[in-house]
Every structure is written in structure tokens, then in C-alpha cells.
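Letter by letter, the chains look like this.
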Amino acid sequence: MSAKFSLRPVTIDDAPALASIRADLAREVGLTEEDGERSMRHMLQLPGVHPGVDSMAAIIAGEIVGFNVFRYADEARLWGGVTAPFRRRGVGTALMAWGIGRARTVRDLDKVYAGTSSLRTDAHALYRRSGFVHARTFNAMVHTNPGSIPTPTWPPGTSWRNDLGNQAVAVATDVHNRGFVGHWDYRPMTEEAMGQTLN
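Residues numbered from 1 in each chain as written. Predicted model: local features only at pLDDT ≥ 70, side-chain atom pairs only at ≥ 80, totals over all residues. Heavy atoms only, no water.

Trainee: Looking at this structure, I do not really get the packing of aromatic side chains. What am I missing?
Mentor: Ring pairs (aromatic) are described by centroid distance and by the angle formed between their planes. All told, the structure shown has 3 aromatic pairs when counted by the stated rule. Here the aromatic rings of F70 and Y72 are separated by 6.5 Å at their centres, their planes lie at 25°, and the arrangement is stacked. Considering the side-chain rings of Y127 and F132, the 5.7 Å spacing of their centres and the 50° angle between planes classify their relative orientation as tilted. Given the relative accessible area of 16%, Y127 is considered buried. You can call F132 buried: its relative accessible area is 13%. (Phe/Tyr/Trp six-rings, centres within 6.5 Å; stacked < 30°, edge-to-face > 60°. Buried < 20%, exposed > 50% of the residue type's maximum accessible area, 1.4 Å probe, protein only.)

Here you go:
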């Protein structure tokens, strides 16, 4: 069943609505979305996302019912979703077509990634219809009772500091570049990129 909807570029002011959609999608697969609006604002301003160009919202009766964001930094990715009541109405197909069309405008781009929970078979079907093929599986882990974790015991002389100031970016960059080698999506970072990520 198709529905009348329109597409328009996302603005930073749409972050609350997009965060709400993202939280609904997370709940559907048993997860929770922490700090949703702040996190969404951050994601809409990441390097490789250009406001008004790289994100699209689907609107029905003045309400955002879905969105798709194209990000091109070290690799190209599409991410977003459609609220459950508005699925199977052509909204996801239109948003995916927009995202793939946006990816085609990037010179020499040979692939674009998209992903979802292994539980979202409806999204898998949409991805396949849109030309995506399975590339890899990523397991997200969650601890549902962190209060049960014992307080860590540190060796004598170990101290924690949060007063590193500008050094924090250099330390975080070093930890990332040495600590995540071999991770399924590892990409080295510059201090500039790390600074943007931390802010």
C-alpha cells in the first residue's frame, strides 16, 4: 500500500524527530538509545555529512516518518529508518533510492554500505531489492546489568586524570590507532578527525 509522502532535506532542527525514530528502531530489536537527541545532532554534523545535501526526511501529514543519511568519510554509508506504522508504503524504497542516487554523485565511489540488526528481516529485504548484498556481520554486545560488575581493582600507582586538555585528542588518537588495528571497520584517524569526533 503506497502513501502520499514527500521528501525534503533534513535540518539540524529535525534531530529530535530523527532521534525518536532511531529510539523506536532500537526498541524493536531490544536495545535502548542513550542520549538520543544529542547523539543525533552529533551524527548529523560528523565529517562527511553536509547539511542540506546528505540527509533526507520522508514527511506524511507534516510528520517525519523516516530518514536516510549519506556519510562519506573513509567509506560511504547510508543509515536511517522508517517508523513501523509507515513501512511497506514505499517510504523506505524512496529513501533508499535517494541515498543510492546521492552516492552515485561521488566521483570514483565504488561501493556504499548500509546495515541493520540481524532481526530486521524487513530491512534486509529492502536492502536486497535496492541492490545491496551481504558483506559482513557485526555483533553488537550489551550488558543488561552493569550494576553487577565488580568495582575494578587497579595496580598501586595507577591514577585517572581528566585534565589532559588538548593532550586528550593526541592520547585518544594514539589509543585508537594502536588499539583498534584488526577491528572489522578499522581506519586510522588523524588528530583533526579525532578532535571533531570528540567534540
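Trainee: What should I look at first to understand the nonpolar core in this one?
Mentor: Most often, soluble globular proteins have nonpolar side chains that are buried together. Grouped together as the largest cluster of nonpolar side chains are 20 residues, with contacts concentrated most on F70, L78, V91, M96, V112 and F132. Among the elements of the structure, β2 (55-60), β3 (63-72), β4 (76-82), α3 (91-104) and α4 (121-129) are those that each provide at least two residues to this core. Ranked by the residues each element gives to this core, the list is headed by α3, at 6 residues. Listed in part, the 17 residues of the second largest apolar core include V10, A15, I59 and V69. (Core = buried A, V, L, I, M, F, W, Y, C linked by side-chain atoms within 4.5 Å. Helix = DSSP H or I, 4+ residues; strand = E, 2+ residues; numbered from the N terminus.)

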